[in-house]
Amino acid sequence: DAGITQSPRHKVTETGTPVTLRCHQTENHRYMYWYRQDPGHGLRLIHYSYGVKDTDKGEVSDGYSVSRSKTEDFLLTLESATSSQTSVYFCAISTLGGSGKKIGLNEQFFGPGTRLTVL
Amino acid sequence: GENVEQHPSTLSVQEGDSAVIKCTYSDSASNYFPWYKQELGKGPQLIIDIRSNVGEKKDQRIAVTLNKTAKHFSLHITETQPEDSAVYFCAANSPGAGSYQLTFGKGTKLSVIP
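This section reports on the structure supplied with the text. (Residues numbered from 1 in each chain as written. Chains lettered and ligands numbered in written order. Predicted model: local features only at pLDDT ≥ 70, side-chain atom pairs only at ≥ 80, totals over all residues. Heavy atoms only, no water.)

Structural notes on the overall build of chain B
Here is step 1: Within chain B one finds 0 helices and 11 strands.
Here is step 2: Its helices and strands taken in sequence order, chain B reads β-β-β-β-β-β-β-β-β-β-β from the N to the C terminus.
Here is step 3: A globule of 114 residues ought to have a C-alpha radius of gyration of about 13 Å, and chain B, at 14 Å, matches this closely.
Here is step 4: When its C-alpha atoms are laid out on the principal axes, chain B stretches across 45 × 30 × 20 Å.
Here is step 5: Counting across all 114 residues of chain B, residues that qualify as buried make up 45%.
Here is step 6: The long-range fraction of contacts in chain B, counting pairs at least 24 apart against all pairs at least 6 apart in sequence, stands at 54%.
Here is step 7: Per element, the accessible surface of chain B, about 5700 Å² overall, is 47% carbon and sulfur.
Here is step 8: Here chain B carries 11 positive and 12 negative side-chain charges, and the mean point of each set is 5 Å from the other. (Helix = DSSP H or I, 4+ residues; strand = E, 2+ residues; numbered from the N terminus. Rg over C-alpha atoms; globule rule 2.2 N^0.38 Å. Buried < 20%, exposed > 50% of the residue type's maximum accessible area, 1.4 Å probe, protein only. Contact = heavy atoms within 4.5 Å. Areas by Shrake-Rupley, 256 points an atom, 1.4 Å probe, with all protein chains shown as cover. Lys, Arg positive; Asp, Glu negative; His and termini not counted. Charge placed at Lys NZ, Arg CZ, Asp CG, Glu CD.)

Written out as structure tokens, the structure reads:
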């Protein structure tokens, strides 16, 4: 699992409340990603980070913000949760920038996921 | 940007038979093509990948082939077993401004019937 943990693993919240999901990695990878997974849509990129305080938007970033104040932690925040944000959220790291044969290879490894339900 | 199409969306095979999942991509500059297996309730797991300078790669019962001219790549699983039942995703990595991103297909649900 490449040393990736996500918390919480399950959360039920109400429309309009703020929610923060945490991704933690132990292997000092530079690149981290947040995806959401919905039936019929596969995996869609929300935001990604290429270093501390360096983030960029993905395909479905509206309604989400991220922060990365430490290499090991990447936070995803829903400022005001909506029912359309009910989904399973996955964090991933990439081996980009790694050593040896991994240099330049965007191998991504995923965390166990967080199931979020917005009522 | 890159667009990845994956077929079929569902696939049922008898145990011991082979399974083939196909993906096409749109960006001829894409240079890395991983495949993921996702079991129920778990995160996607990288099972095999191929770079654009290689035509085929094998790892025990699974293999991936790449046809750069036609812009398609395939996952082949031989001698399928019930534990191969899962959702499989293909992906493509384009260089350039979006080189940090993978674009995923929508997935194939494989069922291996004992």
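Side note on the interface of chain B and chain A
It is common to give the size of an interface as the accessible area that goes away when the parts come together.
Here is step 1: Taken together, the contact between chain B and chain A spans 19 residues of the former and 24 residues of the latter.
Here is step 2: With both sides pooled, the region where chain B packs onto chain A buries about 1700 Å², and carbon together with sulfur makes up 57% of that total.
Here is step 3: Viewed at the interface, chain A and chain B are joined by 0 salt bridges.
Here is step 4: Where chain B touches chain A, the interface holds 2 residue pairs in polar contact (both at pLDDT 80 or more). (Buried area = accessible area lost by both parts, 1.4 Å probe. Salt bridge = Lys/Arg side-chain N within 4 Å of Asp/Glu carboxyl O. Polar contact = N/O pair within 3.5 Å; in protein donor to acceptor, adjacent residues only side chain to side chain.)

Observations regarding the pattern of salt bridges
All names here are of chain A.
Here is step 1: What the rule picks out here adds up to 8 salt bridges over all chains.
Here is step 2: One salt bridge in this structure joins Arg 22 and Asp 73, with 3.1 Å as the shortest N-O distance. Of this pair, Arg 22 sits in strand β3 (residues 19–25) while Asp 73 sits in strand β8 (residues 73–78), and the two are 51 residues apart along the sequence.
Here is step 3: On the basis of relative accessible area, Arg 22 is assigned to the partly exposed category, the value being 33%.

So, the side chain of Thr77(A)
Residue and element names in this part refer to chain A.
Here is step 1: Along the polypeptide, Thr 77 turns up in strand β8.
Here is step 2: At 3.2 Å, the side chain of Thr 77 forms a polar contact with the side chain of Thr 20.
Here is step 3: In this structure Thr 77 touches Val 19, Thr 20, Gly 63, Tyr 64 and Ser 65, once residues within four positions along its chain are discounted.

Comments concerning the sheet that holds β3(A)
Residues and elements named next belong to chain A.
Here is step 1: One open sheet holds the 4 strands; their spatial order is β1-β3-β8-β7, and the pairing between them is antiparallel. Looking along the sheet, the strands with just one partner apiece sit at the ends: β1 (4–7) and β7 (64–70). Here the average twist between neighbouring strands, direction ignored, is 20°.
Here is step 2: Relative to β8, β3 runs antiparallel, the two being bridged by 6 bridges. Opposite Thr 20, over in β8, you have Thr 77 as the bridge partner. (Pairing = 2+ DSSP bridges. Axes fitted to C-alpha atoms, helices over the stretch in contact; angles between N-to-C directions.)

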